[in-house]
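Read off the chains here:
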Amino acid sequence: MSTPSSLAPAAVPAARRSLAPDLARGLMLLVIATVHAHMFRIAVGGNAGYSLDGPLDTAATAAVALFAENRGYPMFAALFGYGLAQIALRRTAEGREWPWVRRLLRRRGRWLVAIGLAHGILIFFGDVIAVYGLIALLFAGVMRWTDRRLLAHAFAWGSAGTLVYAAVNGLAMGAAAEGGTVSSPLDDLVMRVVMLPFFLPLLIIISVFPFMAGVWAARRRLLEEPERHRAFLTRLAAIGIPAAVVGGAPHMLIAIEAWQPAAPVVTGAFWLHLLVGYAGGFGYAALIALVALHTGDRWGPVVRALAATGQRSMTCYLLQSVAWLVLMPAYTLGLAADLGDAAAVGTGAGVWLATVLLADLMRRAGFKQGPAEWLLRRMTYGTPAKVAP
C-alpha cells in the first residue's frame, strides 16, 4: 500500500488558484477579528455587557450584531466544506479509490483536531480549527452522498442545531452577565480548559449545515467558475445579505438595549439571528465571488494582499489569537478592561490589517504557504517523495 509521503501532490501554484475562495477567507478574517475583539471586552475584561457609552459605541455594537456576529463562522465553515470537497474531487479525478480518499480526509481531520486543541488550550478558548477537524472525521462520508440527501441533512442540522445553540446560549449568557476578569495565566488556562469541551459541540452543531452547503457548492464549482453561475450568485447576495440584516434586527435592538423583552423572546431573537446568519454568510461569499469575477486578472496590491491572507488563513487566524493574548488579558497589556465597543472593533480591524500585511510579506518573500498551512499539509501527506534525476 502506498504511503502518504509517496502520494503527496504538488501544491496548487498561486497563479492557478481561483481568486474567490482566497479573497473570501481573507475578508472573513476581518469579520472574525472584529467580533472577537468586541467579545473580549466582556470575556476577559471584567465588563458587564457592552459599554454603549455614546452613539459611536452604540453604532459599533449595532453594526457587529447586524453584519458580523454569527456571519463569519457560517461562511468559514462553508469554505472549509468547499475546500475539503475540492480535495476529494481532485484525488478522485486522479483515479484514487474512495477508501483511500476517505482515509486522506480523516487524516487531515485528525491533524486539524490536534492543532485546534493545542490552540484552544494554550491560546484561545473559541477555537474552530478542532471543530472543523471533528467535522471532517465525522462527516467525510457525505462526499459520497447524493445532492438530495446532502441538502436534506444540511437543512435538518441547520434547523435543529440552531435551536439547541440558541437555548444553551441563553442559559450561558445569563451566567456570564456579570463579566469576568482573567487575572493570571493560570486562571486563563483553567478557563480555556473548562470552556473548550462546552464550546466544541456547540460550534459543531451550528457548523454542519454550512459545511454541507460548501460541499454542495464545490460540486458545482461556484467559486472557481463564478462566470457560469453569475445569476445564482447575484440572487444569493441580493437576498442573503438583506435577510441577515432584517432578521438580525431584533437581536441587535436587544444588544444595544433599545428593547428589553422577556427571556424567551431574547432566545427567539437570537435563534432568528443565527438562522439568517447562514443567509448572510452565504450572501457574503456570493458577493465576493462576483467581485472576484469583476476583478478578473486585474489584481492590484490590495487584492493580492487579501488573496495572500486567504491562502494563509489558518496562520492568520492563529496570529489573531496570539494578538488577543498579548493585548487583552489583565496579566499582559490588559486592554480589554479599558476599551469601549467602538475602540474594541477598531482594535480588531487593526489586528486583522497587521495579519494582512504579514501575509503579503510572506507572499513577496516567496513563501507559498504560512507555517500552519505547511504543517497541516506535511502532516496530512507526509514528506514529498524525491524524484530521481
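Relevant structure appears above.
Report follows, based on the coordinates. (Residues numbered from 1 in each chain as written. Predicted model: local features only at pLDDT ≥ 70, side-chain atom pairs only at ≥ 80, totals over all residues. Heavy atoms only, no water.)

Here we look at the pattern of salt bridges
The tally for this structure, following the rule as stated, stands at twelve salt bridges. Among the ionic pairs, R363 bridges to D360, the shortest N-O distance being 2.8 Å. With R363 and D360 both in helix α13 (residues 341-364), this residue pair falls three residues apart, about one helical turn. Where D360 meets R364, a salt bridge forms, and the shortest distance between an N and an O atom there is 2.9 Å. In this pair, D360 and R364 are both assigned in helix α13, four residues apart and thus about one turn of the helix distant. On the basis of relative accessible area, D360 is assigned to the buried category, the value being 9%. Put simply, R221, E224, E225 and R228 are held in one network by salt bridges that share partners. (Salt bridge = Lys/Arg side-chain N within 4 Å of Asp/Glu carboxyl O. Helix = DSSP H or I, 4+ residues; strand = E, 2+ residues; numbered from the N terminus. Buried < 20%, exposed > 50% of the residue type's maximum accessible area, 1.4 Å probe, protein only.)

Brief notes about unusual backbone geometry
Residues other than glycine seldom take positive phi values, yet R221 does so here, at roughly 55°. The residue R221 is located in the loop between α8 (185-219) and α9 (230-255) in this model. Accessibility expressed as a relative area gives 36% for R221, which makes it partly exposed. A positive phi angle, near 65°, is found at E257, a position not held by glycine. The topology assignment puts E257 in the loop between α9 and α10 (263-295).

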